[in-house]
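# Topology and contacts: notes
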Amino acid sequence: MTTTAASPDTGSAPAAPRVDCIADSAGGVTFDVIATAETDATLVLRRHGANPGADVRLPLTPAAAGLLRAVLPSTVDLAEGVWDAWLCSGEGAEQRLEPGVRDLRALVDRAPGPDAERIAVRIPYPAASGALVVRSWLRRPHAETGTIGFDGASVTVQGRLYGTELGPDAAVEARLRGGSGRVHRVAASAEGESGGFTFTLPYAPLAEGLDAKEWLWDLWLLPGPDGPAVRLARILDDVPLKQAIFVYPGTKAGSAVVRPYYTGANDLSVRVDAVRT
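Let me sum up the structure you'll find in this document.

Conventions we followed
- All residue numbers refer to position in the chain's written sequence, counted from 1.
- Totals for whole chains, interfaces and linings use all residues, but because this is a predicted model, local features are given only for residues with pLDDT of at least 70 and pairs of side-chain atoms are given and counted only at 80 or more.
- Derived side-chain values reflect all non-hydrogen atoms in the structure, with water molecules and hydrogen atoms excluded from consideration.
- Whenever a carboxyl oxygen of Asp or Glu lies within 4 Å of a side-chain nitrogen of Lys or Arg, that contact is scored as a salt bridge.
- By definition, any uninterrupted DSSP run of H or I lasting at least four residues is a helix, any uninterrupted run of E lasting at least two residues is a strand, and each is numbered from the N terminus.
- A simple rule labels every residue: compare its accessible area, found with a 1.4 Å probe on the protein chains alone, to the largest value its type can have, and call it buried under 20%, exposed over 50%, or partly exposed in between.
- Pairs were defined over the aromatic rings of Phe, Tyr and Trp, the Trp ring being its six-membered one, requiring ring centres within 6.5 Å. Orientation was assigned from the angle between planes: stacked under 30 degrees, edge-to-face over 60, tilted for the rest.
- Any two strands between which DSSP finds at least two bridges are classified as paired.
- Axes here refer to lines fitted to C-alpha atoms; in helices the fit is confined to the stretch in contact. Angles between the N-to-C directions go from 0 to 180 degrees.

## Topic: the pattern of salt bridges
Enumeration over the complete set of coordinates arrives at 18 salt bridges. A salt bridge links Asp-218 to Arg-177, with the nearest nitrogen and oxygen atoms 2.7 Å apart. Linking Asp-218 in strand β17 (residues 214-222) with Arg-177 in the loop between β14 (171-176) and β15 (183-190), this pair joins segments that are 41 residues apart in sequence. Judged by its relative accessible area of 13%, Asp-218 falls in the buried class. By relative accessible area, Arg-177 is classed as partly exposed at 40%. The shortest N-O distance in the salt bridge between Arg-231 and Asp-218 comes to 3.1 Å. Taken together, the positions of Arg-231 in strand β18 (residues 230-233) and Asp-218 in strand β17 put the pair 13 residues apart, joining distant regions of the chain.

## Brief notes about the packing of aromatic side chains
In total, this model carries 4 aromatic pairs according to the counting rule given. Seen in terms of ring centroids, Tyr-248 and Tyr-262 are 6.2 Å apart; in terms of plane orientation they differ by 55°. Their pairing is tilted. Of the two residues, Tyr-248 is situated in the loop between β18 and β19 (251-253) and Tyr-262 in strand β20 (residues 256-262); the sequence distance between them amounts to 14 residues. The pair Tyr-248 / Tyr-262 is uniform in exposure class, with both members buried.

## Notes on the sheet that holds strand β2 (residues 29-34)
A sheet is described by the order of its strands in space; here 5 strands give the open sequence β5-β6-β2-β1-β9, paired in mixed fashion. Among the strands making up the open sheet, the edge pair consists of β5 (61-64) and β9 (98-103). For this sheet, the mean inter-axis angle between neighbouring strands, taken without regard to orientation, is 30°. Bridge count for β5 against strand β6 (residues 67-72) is 3 bridges, and the pairing is antiparallel. If you follow Ala-64 over to β6, its bridge partner there is Leu-67.

Encoded structure:
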């Protein structure tokens, strides 16, 4: 008796619909879903880690033959985080969306007015899986970092504050992550245009007494004695993930190596690593 191996299943899942995106400088995004047969469909944004029912649903309407369009207005508060994009048909079936052309030119060198009380940033980009996601930031107020300079023993950061005023007693605090309550404070001074600031942070105090493999210090701007602390971040451009793009040199400080870095949320922090012996 002769047996024959079963033929492999060469079928494949239907290709995910492709969507072109246009981002505007105010924080709005236009989604154009291409070559879909759906006529009763919704574009659904679902945030990682959000509670069920917290989706943002955007109606899709015909814009041209084979093209459905949805608009996320800048006036809609999209909570900070990473949002997956789904196509939901009238029957409730859902498909992930793949990014097509992404027009992010309006985000390059974006400069809101210094009195802007609300900074909304939404950047569509492909996730590691290839599916479309939207990274959202919503800051009130906001401290945008700019040029970062190094002199070996310290780092100097220039930035701009939006949504509140910089007082004469402004400062920057490096706060040790992990709940120890340890803080190192340096003065911040006004520079250049309205809202501009600069500060120099020495490395030695951040490495002093290192008793772990690493310490992580988060940087906060304190505009004045009565204002809230503002997390330092770089979000006013078209780069959704800064860690792999903005890589800064490490400097030896005692028995440690110290370097600034951007977190996964594009907030500015400082890493202190024990030197291996």
